[in-house]
Protein chains: 2
Amino acid sequence: MPKESDFRLVESPKPHAGAGEALVRALYLSVDPYMRPLMSGHSSYARGVQVGEVMVGGAVGVVVESNDPRIAQGDVVSAMLGWQDYAVAHARSLHHVDPQQAPVSTALYVLGVPGLTAYFGLLDICHPQPGETVVVSAAAGAVGSLVGQIARIKRCRVVGIAGSDEKVRYVCQDLGFDGGFNYRETADYESKLKELCPNGIDVYFDNVGGPVTDAVLRLINNRARVAVCGQISQYNAERPDVGPRWFGQLIVRQARVEGFLVHQFSDRYDEAYRHLSAWLHENRLRYREDIVEGLENAPRAFIGMLEGRNIGKRLVKIADVQ
Amino acid sequence: MPKESDFRLVESPKPHAGAGEALVRALYLSVDPYMRPLMSGHSSYARGVQVGEVMVGGAVGVVVESNDPRIAQGDVVSAMLGWQDYAVAHARSLHHVDPQQAPVSTALYVLGVPGLTAYFGLLDICHPQPGETVVVSAAAGAVGSLVGQIARIKRCRVVGIAGSDEKVRYVCQDLGFDGGFNYRETADYESKLKELCPNGIDVYFDNVGGPVTDAVLRLINNRARVAVCGQISQYNAERPDVGPRWFGQLIVRQARVEGFLVHQFSDRYDEAYRHLSAWLHENRLRYREDIVEGLENAPRAFIGMLEGRNIGKRLVKIADVQ
């Protein structure tokens, strides 16, 4: 588990935008589970962040200088700007955010990477059908909370697994999940899942891995589909974990397990934004934010998120929208 | 591992065909890895065989009595007839075999369940593309030997993993695989695979599971596809085995693992038979049979196959074609 002392707050002169670049003043930073494996120094799904570099992460901000005709001063944009007050970025790496459409912070949640991840991971990897049972782990998290709601929109039975009773109440009472349980207070995950999923499990959207996932896999139906989005239970492991071998079960159940990264679907982001935005405005996708104030508190916000202390999307607020 | 003493040879009166049934004289029995988990008594992909019942298995035979207009005396047929000289079966469960087209024993191999399994598992689960690297385990086995040859037909680079130097020579020299290795004489599977697959692994057709599969999974490329056909290394385990957890690697590689049973594809068997038969006649699918004579030797033939003693498809010959 990262510690606050692994991070250092460094002051340096405000940079300036070069040719084709823009200077962006951060408004909100996003802290997300995927950042943890990027810090491990071993082979991962991106180059990772090296000791001494600015910590990676998505942010939404306002343009204060631009040297590119596509971007104007005052535009609100989102991009991988890292944990800093001001960031310089190539104009082509910035995505416009429309502050009239929704609060700008949603560009880091429902209308951002977590929304796209939930949309493509559930719909394109798992193809949920009406009446099927969908289980999602880290159900109250940024991605999980959207996966469950999209599955409800697709008329599935949705069961969420989360790390506190309050989170389970949140997904069931506020987000419309059909059931859920707190894995930290449950001794026998398999019996609890059997009770909550009387018709077995057709789709599993996995954010956590480990023993929770093992219990789900024991109960999958024939032709089940598993989307592997994250493995937060494994990210702090000092050596590779072992667990039951699942290939035999995949044969018996003729089941599919597929890992994915959202950028696989980058040529279809517009389609996803259209649907996510419509569902948001119809109040079919609800969300809660858990906002920590101040860049200096970003490490604490990040570590707390890894420990599961937030309900709703954890964001770090850097400045007010002007 | 089953023992010969787990089986009993029983004599009983020759049965007679009832309405809609036929009586079939067995010519060849097939012994295959999938029969092993059927004997375990726990949940598996078919009802399984109970103590005291006739051992399950596919066979080819000749009809000696028929009470159904679709089946005539003298027809050669294949079906799940079990280990017996004579079997009664419903006419609708019998598949006609054309003795003019190919030796009737091929109905248990290239033009039978192993052929269908290789065809659909490789082509429909893995979608191999020209120039991709395909690895197959149990490469000299009935299914593996066909998977590798079909992958060559699809212009892939094919690497086989087998359990003896002779088997590796067989798949490379006789069947046209690009490379292979004997896992029983190789200490470091991963280094050997790296040497044989300089461009990584795009497709893995798994018949064995366990440490061989672990080594392959470490080397898969982005968007790799894994078909899980069998797990012969696990079938005799007295308790569930543990191994490395693979879900994190599936995310990083955006890879897919899918278990399958050939009957998923039963509405497309005609398509597969057309292709398999054409490739067989063009000599693009080669095969070798390993024939044990006599019903009384079926247990020994089966156990030897599980131990990897055969090269080519192991069959038990019961009677001569009339």
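The coordinates are above.
To start, this report covers the structure provided alongside it. (Residues numbered from 1 in each chain as written. Chains lettered and ligands numbered in written order. Predicted model: local features only at pLDDT ≥ 70, side-chain atom pairs only at ≥ 80, totals over all residues. Heavy atoms only, no water.)

### Comments concerning the overall build of chain A
When helices and strands are counted, chain A shows 9 helices and 14 strands. Here chain A has a C-alpha radius of gyration of 20 Å; the compact-globule value for 322 residues is 20 Å, and the two agree. Along the three orthogonal principal directions, the C-alpha set of chain A runs to about 60 × 45 × 35 Å. Across the 322 residues of chain A, 57% fall into the buried class. Here the analysis covers contacts within chain A between residues at least 6 apart in sequence; of these, 68% occur between residues at least 24 apart. For chain A, the exposed area adds up to about 14200 Å²; of that, 46% sits on carbon and sulfur atoms. Placing the 34 positive and 37 negative side-chain charges of chain A at their respective mean positions leaves the two points 5 Å apart. (Helix = DSSP H or I, 4+ residues; strand = E, 2+ residues; numbered from the N terminus. Rg over C-alpha atoms; globule rule 2.2 N^0.38 Å. Buried < 20%, exposed > 50% of the residue type's maximum accessible area, 1.4 Å probe, protein only. Contact = heavy atoms within 4.5 Å. Areas by Shrake-Rupley, 256 points an atom, 1.4 Å probe, with all protein chains shown as cover. Lys, Arg positive; Asp, Glu negative; His and termini not counted. Charge placed at Lys NZ, Arg CZ, Asp CG, Glu CD.)

### Quick look at empty space enclosed by the protein
Inspection of the entire model under this criterion finds 1 cavity of 30 Å³ or more. Taken as a whole, the largest cavity encloses approximately 290 Å³ of empty space. Around the largest cavity sit 26 residues that line it, and P244(A), W246(A), F247(A), P244(B) and W246(B) are the ones nearest its centre. When contributions to the lining of the largest cavity are tallied by element, the ones reaching two or more residues are α6 (210-218), β11 (242-244) and α7 (247-253) of chain A together with α6 (210-218), β11 (242-244) and α7 (247-253) of chain B. For the lining of the largest cavity, the per-class residue count stands at 12 nonpolar, 10 polar and 4 charged. (1 Å grid on protein atoms, 1.4 Å probe; cavity = no way out; pocket = protein on both sides within 12 Å on 5 of 7 lines; lining within 4 Å. Points joined across faces, edges and corners; volume = space filled by probe spheres on them. Nonpolar A, V, L, I, M, F, W, Y, C, P; charged D, E, K, R; others polar.)

### Comments concerning the interface of chain A and chain B
Each partner contributes to the interface: chain A provides 37 residues, whereas chain B provides 37 residues. Buried surface at the junction of chain A and chain B, both sides included, amounts to about 2900 Å², of which 62% is carbon and sulfur. Taken as a group, R245(A), F247(A) and I251(A) account for 30% of the area that chain A buries against chain B, more than any other trio of residues on that side. Here chain A is connected to chain B by 5 salt bridges. (Buried area = accessible area lost by both parts, 1.4 Å probe. Salt bridge = Lys/Arg side-chain N within 4 Å of Asp/Glu carboxyl O.)

### Quick notes on the packing of aromatic side chains
As enumerated under the stated definition, the model contains 22 aromatic pairs over all chains in all. Taking the centre distance of 4.7 Å and the plane angle of 5° together, the rings of F120(B) and F265(B) count as stacked. In this pair, F120(B) sits in helix α2 (residues 113-126) while F265(B) sits in the loop between β12 (256-259) and α8 (269-281), placing the two residues 145 residues apart along the sequence. The class for F265(B) is buried, based on a relative accessible area of 9%. Their ring planes at 70° and their centres at 6.4 Å tell us that Y269(B) and Y273(B) sit as a pair that is edge-to-face. With a gap of 4 residues between them, Y269(B) and Y273(B) both fall in helix α8, about one helical turn apart. What links up through ring pairs into an aromatic cluster is the set Y119(A), F120(A), F265(A), Y269(A), Y273(A) and W279(A). The lysine or arginine in question, K14(A), covers the ring of Y86(A), its NZ or CZ lying 4.8 Å from the ring centre. (Phe/Tyr/Trp six-rings, centres within 6.5 Å; stacked < 30°, edge-to-face > 60°. Lys NZ or Arg CZ within 6 Å of the ring centre and 35° of its normal.)

### Details of the sheet that holds strand β7 (residues 157-162) of chain A
Spatial strand order, β8(A)-β7(A)-β6(A)-β9(A)-β10(A)-β12(A)-β12(B)-β10(B)-β9(B)-β6(B)-β7(B)-β8(B): 12 strands in an open sheet with mixed pairing. Edge positions in the sheet fall to β8 (179-182) of chain A together with β8 (179-182) of chain B, since each has one partner strand and no second. Taking each pair of neighbouring strands and ignoring which way they run, the sheet shows an average axis angle of 15°. Relative to strand β7 (residues 157-162) of chain B, strand β6 (residues 133-137) of chain B runs parallel, the two sharing 5 bridges. Each residue of the ladder has a partner; that of T133(B), found in β7(B), is R157(B). (Pairing = 2+ DSSP bridges. Axes fitted to C-alpha atoms, helices over the stretch in contact; angles between N-to-C directions.)

### Some points on the environment of S66(B)
All names here are of chain B. Relative to the helices and strands, S66 is located in strand β2 (residues 59-66). On the basis of relative accessibility, which here comes to 24%, the residue S66 falls in the partly exposed class. Separated by 50 residues in the primary sequence, S66 and H16 have C-alpha atoms spaced 9.2 Å apart. Setting aside residues no more than four positions away along its own chain, S66 makes contact with E21, A22 and I71. Here the side chain of S66 touches D68 through a polar contact of 3.1 Å, landing on its backbone oxygen. Of the polar contacts made by the side chain of S66, one reaches the backbone oxygen of I71; its length is 2.7 Å. (Polar contact = N/O pair within 3.5 Å; in protein donor to acceptor, adjacent residues only side chain to side chain.)

### Looking at the relation of the copies chain A and chain B
Under the fitted operation, chain A is carried onto chain B by 0.0 Å of movement along the axis and a turn of 180°, and the coordinates agree to an RMSD of 0.0 Å. In short, the pair behaves as if placed about a two-fold rotation axis. (Least-squares fit on C-alpha atoms with pLDDT ≥ 70 in both.)

### Here we look at the pattern of salt bridges
All told, the structure shown has 37 salt bridges over all chains when counted by the stated rule. Among the salt bridges present, the one from E282(A) reaches R284(A), with a minimum N-O distance of 3.5 Å. On the basis of relative accessible area, R284(A) is assigned to the partly exposed category, the value being 40%. In this structure, D290(B) engages R314(B) in a salt bridge whose closest nitrogen and oxygen atoms are separated by 3.4 Å. In this pair, D290(B) is assigned in strand β13 (residues 289-293) and R314(B) in strand β14 (residues 313-317), connecting sequence segments 24 residues apart. For the pair D290(B) and R314(B), one class covers both residues: buried. Because the salt bridges share partners, they merge into one network encompassing R256(A), E258(A), R256(B) and E258(B).

### A look at the side chain of S30(B)
All names here are of chain B. Structurally, S30 is set in strand β1 (residues 21-30). Here S30 falls in the buried class, since its relative accessible area comes to 3%. With near-sequence residues (within four places) excluded, S30 lies in contact with M35, G58, W83, L108, K313, R314 and L315.

### Some remarks on the environment of P240(B)
Residues and elements named next belong to chain B. Structurally, P240 is set in the loop between β10 (220-228) and β11. On the basis of relative accessibility, which here comes to 75%, the residue P240 falls in the exposed class. In the structure, P240 is positioned 116 residues away from D124 in sequence and 29 Å away in space, judged by C-alpha atoms.

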